[in-house]
Structures are given as structure tokens and as C-alpha cells.
Amino acid sequence: MLFSAIAGGVMTAQNLKDVGQPDAARKALWGSIAYTVAMAWLMTYVPPTSTVGIFPIVVGYVGAMGLENYSKKFIENRSVFPAKSIVKPLLICLAIFVPLIALVFYSLTHQPVD
């Protein structure tokens, strides 16, 4: 949940910059960051139940749909817009995700001794 909206915002912002819409790109990026923060804050108010696991999926889908609809306002002929490689966004996400998981794993395996 934490990185999907931000990664989508970064990719949407880059696409909007490529079509000459720097203001729209900035709004897409900051909007995706604000959306992620708002959803993380909202998550603190959701009681821990077995249905909470679906929350990140719904948040990611809604965020993606929002970015998609926003970009449609500025990218008129999407069929001729060049497809891009996912390598760069994937590497950015891995650069964030792998150290985060390593920290979580480290904190779980190295408990302080009383």
C-alpha cells in the first residue's frame, strides 16, 4: 500500500512531463503522496480484523484508477503514446522495498535480551 500509489504517481508524472504538462505532473506526484499519507492515516482507524488484508489492494486499485483518470485529461491520443519499459520503476520500488523488508526481518530476529 505504501509504495504502489507513490510509484504510480512517479510514473504518471513522468508521462505527463513527456507530453509537456509539468504542472499536471507535479500535481500527480504530490497528489499520490498525499493520497498515500491519507490512506496510511485512515488505516490506523481500521480495527484489526481478517478483512483488513484487502484494504491495501483496494487502496492501490483506487489510487491507480485516480491517476489513470487524471492522466486521461492531458494525454489525448493514448493509442499513439509510446509504451515504456517497467525496468526503471521496478528498480526504484526494489531499492525501497528490499531494505525495508531487511529492516523488518532484522528487527524480528534480533530481539533485545532482558
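Below is a summary of the structure that appears in this document. (Residues numbered from 1 in each chain as written. Predicted model: local features only at pLDDT ≥ 70, side-chain atom pairs only at ≥ 80, totals over all residues. Heavy atoms only, no water.)

## Some remarks on the packing of helix 1 (residues 4-18) against helix 3 (residues 55-72)
So the rule is basically this: Throughout, an axis means a line fitted to C-alpha atoms (over the contacting stretch in the case of helices), and angles, computed between N-to-C directions, take values from 0 to 180 degrees. Secondary structure elements are taken from DSSP: a helix is a run of H or I of four residues or more, a strand is a run of E of two residues or more, and numbering for both begins at the N terminus. An angle below 35 degrees is treated as roughly parallel, one above 145 as roughly antiparallel, one from 65 to 115 as roughly perpendicular, and anything else as oblique. Contacts are assigned to residue pairs with any non-hydrogen atoms lying within 4.5 Å of each other.
Running from N to C, helix 1 and helix 3 point in directions that differ by 10°, and their axes come no closer than 9 Å. As the angle between them shows, helix 1 and helix 3 are arranged roughly parallel. Contacts between helix 1 and helix 3 involve Ser4, Ala5, Gly8, Gly9, Thr12 and Leu16 from the former and Gly60, Leu67, Tyr70 and Ser71 from the latter.

## Notes on the nonpolar core
Using the following cut-off: To define a nonpolar core, start from buried Ala, Val, Leu, Ile, Met, Phe, Trp, Tyr and Cys residues and group those joined through side-chain atoms within 4.5 Å. Partly exposed describes any residue whose relative accessible area lies between the buried limit of under 20% and the exposed limit of over 50%, with all areas from a 1.4 Å probe on protein chains only and scaled to the type maximum.
In terms of nonpolar packing, the biggest core is built from seven residues, these being Ala13, Leu16, Ala24, Ala25, Ala28, Leu67 and Ile75. Elements represented by at least two residues in this core include exactly helix 1 and helix 2 (22-43). With three residues, helix 2 is the single largest residue contributor to this core. Apart from residues no more than four positions distant in its own chain, Ile75 is found in contact with Asn15, Leu16, Val19 and Phe81.

## A look at a nonpolar patch on the surface
Here is the rule we go by: The residues that make up patches have over 30% relative accessible area and no salt bridge, and they are joined within 9 Å when like-charged or within 5 Å when they are Val, Leu, Ile, Met, Phe, Trp or Tyr. Each accessible area is a Shrake-Rupley estimate made with a 1.4 Å probe; only the visible protein chains count as cover when residues are assessed. A carboxyl oxygen of Asp or Glu within 4 Å of a side-chain nitrogen of Lys or Arg is what we treat as a salt bridge.
Together, Ile86, Val87, Leu90, Leu91, Leu94, Phe97, Val98 and Ile101 make up an exposed nonpolar region whose accessible area comes to about 750 Å². Checked against the element boundaries, Ile101 lands in helix 4 (residues 87-109). Exposure remark for Ile101: the relative accessible area of 41% places this residue in the partly exposed category.

## Digging into the side chain of Thr12
Locating Thr12 in the fold gives a position in helix 1. Leaving out residues up to four positions away in the same chain, Thr12 has contacts with Ala28, Leu67 and Ser71.

## Focus on the side chain of Ser71
By the secondary structure assignment, Ser71 is in helix 3. Ser71 gets classed as buried once you look at its relative accessible area, which sits at 7%. When residues no more than four places from it in sequence are discounted, the contact partners of Ser71 are Thr12, Leu16 and Arg78.

## A closer look at helix 3
What counts, and what does not: One fewer than the residue count of a helix, multiplied by 1.5 Å, yields its expected span. The arc under discussion is defined with respect to the helix axis, by the directions toward the C-beta atoms.
Helix length check: helix 3 (18 residues) gives 26 Å between terminal C-alpha atoms against 26 Å at 1.5 Å per residue, within 8%. Buried within helix 3 we find Phe55, Val59, Gly60, Gly63, Leu67 and Ser71. Taken down its axis, helix 3 places every buried residue within 130° of arc, on the same side. Exposed and facing more than 90 degrees away from the buried side of helix 3 are Ile57 and Tyr61.

## Section: the packing of helix 2 against helix 3
The following threshold applies: Helix crossings get a hand from a simple test, with the near helix turned counterclockwise from the far one by less than a right angle marking a left-handed crossing and a clockwise turn marking a right-handed one. Side-chain classes are defined by residue name, with Ala, Val, Leu, Ile, Met, Phe, Trp, Tyr, Cys and Pro counting as nonpolar, Asp, Glu, Lys and Arg as charged, and the others, Gly among them, as polar.
Direction vectors running N to C along helix 2 and helix 3 enclose 160°, while the axes themselves pass 11 Å from each other. Comparing their axes, helix 3 and helix 2 come out roughly antiparallel. For helix 2 against helix 3, the interelement crossing comes out right-handed. Contact with helix 2, carried on its side by Ala24, Lys27, Ala28, Tyr35, Met39, Leu42 and Met43, involves Phe55, Val59, Val62, Gly63, Leu67 and Tyr70 of helix 3 and no other residues of that element. Partitioned by chemical class, the residues of the contact of helix 2 with helix 3 number eleven nonpolar, one polar and one charged.

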